[in-house]
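Letter by letter, the chains look like this.
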Amino acid sequence: LFLPRGVLPKAWALLCFVPILIGVKPTATVLNILDVGQGQAVVLQYPQHTWMIDTGGSYDETKFSLGERVVIPFLRQQGIRKLDRVILTHLDQDHSGAFPSIEKAFEIEHVQSNERGDKLKFQDNFSLCQQGQSWSYPNLKIEILSPQAAELGAVKDQKNEYSCVLYVQFLHAQPYQNFLIMGDAGWQTEFKLLQQYPNLKVDVLVLGHHGSKHSSAYDFLTQLKPKLAIASSGFNNRYGHPSREVQQRLKALNIPLLNTAQTGTIRFIFEHGTVQLIQQRQQRK
């Protein structure tokens with residue numbers, strides 16, 4: 001551009017700037033339900049913020065580290081350099097086991113769970129999750145629906161039932177706008193949610209306890225009537241998740257079911273008011 005003479009070099013230089021001017025797209029909002037075997041890990045990519053809801057598990061780190069071999073490579077592939085918030089729905093190893101390796105690899109601004117626990121050594125950036133906490137961004141709202149503050153004292157004896165239940169709303173999105181992530185909560189919590197939030201709208205339900213028969217009660221599914229149910233479970237897992245009973249309930253209510261063991265990572269991409277659903281194993285290489 002600054003050559004003293006010669007039109008041709010200047011024209012080529014201007015041509016090189018075209019991709020910069022027209023090729024840059026705004027970052028989409030993406031909700032990823034990762035394939036982490038028998039466990040759960042959800043990554044929410046918002047243009048200015050990155051959240052994790054659970055991290056996947058830890059089994060035998062000497063043989064295979066789920067955090068180092070699956071979750072961290074995924075985050076780096078997405079260009080994520082820090083996590084603004086990590087919410088561990090509860091501290092069972094299949095939901096929180098990969099947290100130590102992720103914490104070493106990334107700066108984490110804030111961590112929440114339903115208890116502090118003994119095994120994980122949280123820093124000063126830790127706080128308890130409880131009903132009523134919410135975060136609002138343009139076209140996005142995240143809210144904790146359970147447990148109540150008065151129930152936190154009972155978490156030690158009922159870790160699953162008092163899981164942090166998250167309600168994520170992508171405003172003005174179609175056809176999937178409202179997501180409910182149940183952790184390992186079961187019938188007792190489901191009944192309370194129906195009482196406390198009678199008008200709760202759910203388009204996508206991430207099944208409680210990976211689709212255990214003790215969660216996703218028929219009445220709960222009937223009232224919510226989600227457009228899609230997702231089970232985050234491991235291939236051929238010894239628990240039989242998602243259970244035959246839950247699959248029968250969903251089938252009776254005509255609610256489609258996706259299972260990460262069969263689909264791989266499931267991605268919801270939000271752009272211009274529409275939602276694109278991508279299953280990892282349906283993509284061509």
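Because the structure is a prediction, the values reported are computed rather than measured. (Residues numbered from 1 in each chain as written. Predicted model: local features only at pLDDT ≥ 70, side-chain atom pairs only at ≥ 80, totals over all residues. Heavy atoms only, no water.)

Structural notes on the overall build of the chain
Inference 1: Broken down by element type, the chain carries nine helices and 15 strands.
Inference 2: A principal-axis box enclosing the C-alpha atoms of the chain has dimensions of 80 × 45 × 35 Å.
Inference 3: When each of the 285 residues of the chain is scored for burial, the buried share is 52%.
Inference 4: Within the chain, counting contacts between residues at least 6 apart in sequence, those at least 24 apart form 63% of the total.
Inference 5: Separation of charge centres in the chain, based on 29 positive and 24 negative side chains, amounts to 9 Å. (Helix = DSSP H or I, 4+ residues; strand = E, 2+ residues; numbered from the N terminus. Buried < 20%, exposed > 50% of the residue type's maximum accessible area, 1.4 Å probe, protein only. Contact = heavy atoms within 4.5 Å. Lys, Arg positive; Asp, Glu negative; His and termini not counted. Charge placed at Lys NZ, Arg CZ, Asp CG, Glu CD.)

As for the nonpolar core
Inference 1: Ranked by internal contacts, the top residues of the largest apolar core, which has 30 residues, are Phe 170, Phe 179 and Phe 268.
Inference 2: Setting aside residues up to four positions removed in sequence, Phe 170 forms contacts with Thr 29, Leu 31, Leu 44, Asn 139, Leu 140, Gln 177, Phe 179 and Phe 270.
Inference 3: Grouped together as the second largest cluster of nonpolar side chains are 24 residues, Val 71, Ala 98, Ile 102 and Phe 106 included. (Core = buried A, V, L, I, M, F, W, Y, C linked by side-chain atoms within 4.5 Å.)

Here we look at the state of the cysteines
Inference 1: Applying the stated criterion to the full structure yields one disulfide.
Inference 2: Note on cysteine connectivity: Cys 129 is disulfide-linked to Cys 164, with sulfurs 1.8 Å apart. Judged by the sign of its S-S torsion, about -70 degrees, the cystine formed by Cys 129 and Cys 164 is left-handed. With Cys 129 in the loop between strand E6 (126-128) and strand E7 (134-137) and Cys 164 in the loop between strand E8 (140-146) and strand E9 (165-170), the pair connects residues that are 35 residues apart, well separated along the chain. (Disulfide = S-S within 2.5 Å.)

Details of the packing of aromatic side chains
Inference 1: Across all of its chains, the model carries nine aromatic pairs by this definition.
Inference 2: Ring geometry for Phe 170 versus Phe 270: centroids 3.8 Å apart, planes at 15 degrees, classification stacked. Linking Phe 170 in strand E9 with Phe 270 in strand E14 (residues 266-271), this pair joins segments that are 100 residues apart in sequence.
Inference 3: On the accessibility criterion, Phe 270 (9% relative accessible area) is buried.
Inference 4: Here the aromatic rings of Tyr 176 and Phe 268 are separated by 5.6 Å at their centres, their planes lie at 80 degrees, and the arrangement is edge-to-face. Taken as a pair, Tyr 176 in the loop between E9 and strand E10 (178-181) and Phe 268 in strand E14 lie far apart in primary sequence, 92 residues in all. A single burial state applies to Tyr 176 and to Phe 268, both of which are buried. (Phe/Tyr/Trp six-rings, centres within 6.5 Å; stacked < 30°, edge-to-face > 60°.)

Re unusual backbone geometry
Inference 1: The amide bond that connects Ser 146 to the next residue, Pro 147, takes the cis arrangement and shows omega of 5 degrees.
Inference 2: In this structure, Pro 147 sits in the loop between E8 and E9.
Inference 3: That bond from His 241 to Pro 242 is cis: its omega, -10 degrees, falls within 30 degrees of zero.
Inference 4: Considering the arrangement of structural elements, one finds Pro 242 in the loop between strand E12 (228-231) and helix H8 (244-252).
Inference 5: Although it is not a glycine, His 210 sits at a positive phi angle of roughly 60 degrees.
Inference 6: Unlike most non-glycine residues, Asn 254 shows phi in positive territory, near 60 degrees.
Inference 7: Overall, Asn 254 belongs to the exposed group, its relative accessible area being 69%.

A word on the side chain of Thr 89
Inference 1: Assignment of secondary structure puts Thr 89 in the loop between strand E4 (82-88) and helix H4 (93-96).
Inference 2: A polar atom in the side chain of Thr 89 sits 3.5 Å from the side chain of His 95. (Polar contact = N/O pair within 3.5 Å; in protein donor to acceptor, adjacent residues only side chain to side chain.)

Side note on the sheet that holds E9
Inference 1: Across the sheet, seven strands lie side by side as E7-E8-E9-E10-E11-E12-E13; this open sheet has mixed pairing. The strands lining the two open edges of the sheet, one partner per strand, are E7 and strand E13 (257-259). Each strand axis lies, on average, 15 degrees off the axis of its neighbour in the sheet, ignoring direction.
Inference 2: Taken together, the three bridges between strand E11 (residues 204-206) and E12 define a ladder with parallel strand orientation. By the bridge assignment for E12, Leu 205 is matched with Ala 229. (Pairing = 2+ DSSP bridges. Axes fitted to C-alpha atoms, helices over the stretch in contact; angles between N-to-C directions.)

Thoughts on helix H3 (residues 66-77)
Inference 1: With 12 residues, H3 should cover 16 Å at 1.5 Å per step; its first-to-last C-alpha distance of 16 Å lies within 8% of that length.
Inference 2: Among all positions in H3, only Leu 66, Gly 67, Val 71, Ile 72, Phe 74 and Leu 75 are buried. All buried residues of H3 project into a common sector of 150 degrees when viewed along the axis, lining one side. Across from the buried face of H3, at angles greater than 90 degrees, the exposed residues are Glu 68, Arg 69, Arg 76 and Gln 77.
Inference 3: On its buried face, H3 sits against strand E1 (29-33), strand E2 (41-46), strand E3 (49-55) and helix H5 (99-105).
Inference 4: Phi for Gly 79, located one or two positions after H3, is positive at around 75 degrees. (Expected span 1.5 Å × (residues − 1). Arc of directions from axis to C-beta.)

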